[in-house]
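# Summary of the model geometry
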Amino acid sequence: MTRARAMAGMAALVLACSGCAGKEVVPAEEARTLVERGRKAARAGDYRTAMEFYSRAVAEDPEFAEAYNERGKSSVQLRLAPGEEPGQDVRICEE
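Residues numbered from 1 in each chain as written. Predicted model: local features only at pLDDT ≥ 70, side-chain atom pairs only at ≥ 80, totals over all residues. Heavy atoms only, no water.

## Focus on the confidence of the model for the protein chain
Threshold: Each residue gets a pLDDT score, which is the predictor's confidence in that residue and runs from 0 to 100. What makes two residues a contact is simply this: any of their non-hydrogen atoms within 4.5 Å.
Residues with a pLDDT of 70 or more make up 60% of the protein chain, whose mean pLDDT is 76. Counting interchain partners and residues more than four positions distant, the pLDDT-below-50 stretch residues 11–22 has 0 contacts.

What follows is the structure, encoded as structure tokens:
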């Protein structure tokens with residue numbers, strides 16, 4: 001009886017979670033545009049401007065993980081540059 005309950009519980013858990021797993025989160029159009037502008041700035045070596053675009057994208061759509069990722073990459077590039085201050089993401093990680 002206990003094994004049957006455990007199996008039923010596992011089946012219910014799988015069914016409950018399966019609805020969440022297939023949903024794709026689509027970022028806001030403005031956030032995607034800002035990330036693309038940030039990438040263009042980063043390719044040109046202007047990491048400060050890139051971070052501004054990425055931060056605006058995060059403000060536009062706080063669920064847009066790609067914007068956080070790109071902002072972190074630009075922050076690292078700034079940190080590696082001599083004489084530059086670390087970005088917001090680096091300071092948060094150090095706290």
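## So, the nonpolar core
Under the convention used in this document: We call a set of buried Ala, Val, Leu, Ile, Met, Phe, Trp, Tyr and Cys residues a nonpolar core when their side-chain atoms join them within 4.5 Å. Throughout, exposure labels follow a simple rule: accessible area from a 1.4 Å probe, protein chains only, divided by the maximum for the residue type, with under 20% read as buried, over 50% as exposed, and the rest as partly exposed. Numbering goes from the N terminus for both helices and strands, where a helix is a DSSP run of H or I of at least four residues and a strand is a run of E of at least two.
One finds Ala 31, Leu 34, Val 35, Ala 41, Ala 42, Ala 50, Phe 53, Tyr 54, Ala 57, Val 58, Phe 64 and Ala 67 forming the largest nonpolar core, which totals 12 residues. Those elements that provide at least two residues to this core are helix 2 (29–43) and helix 3 (47–60).

## Points about helix 3
So the rule is basically this: Here the expected span of a helix is defined as 1.5 Å times the quantity of residues minus one. Read the arc as the range of directions from the helix axis to the C-beta atoms.
Counted at 1.5 Å a residue, the expected span for helix 3 with its 14 residues is 20 Å, and the 20 Å between its end C-alpha atoms agrees. Looking at helix 3, one finds that the buried residues are Ala 50, Met 51, Phe 53, Tyr 54, Ala 57 and Val 58. For helix 3, the angular spread of buried residues about the axis comes to 160°, placing them on one side. Among the exposed residues of helix 3, those oriented more than 90 degrees off its buried face are Glu 52 and Ala 59.

## Remarks on the environment of Val 58
The topology assignment puts Val 58 in helix 3. Not counting the four nearest positions on each side in its chain, Val 58 is found in contact with Ala 67, Tyr 68 and Arg 71.

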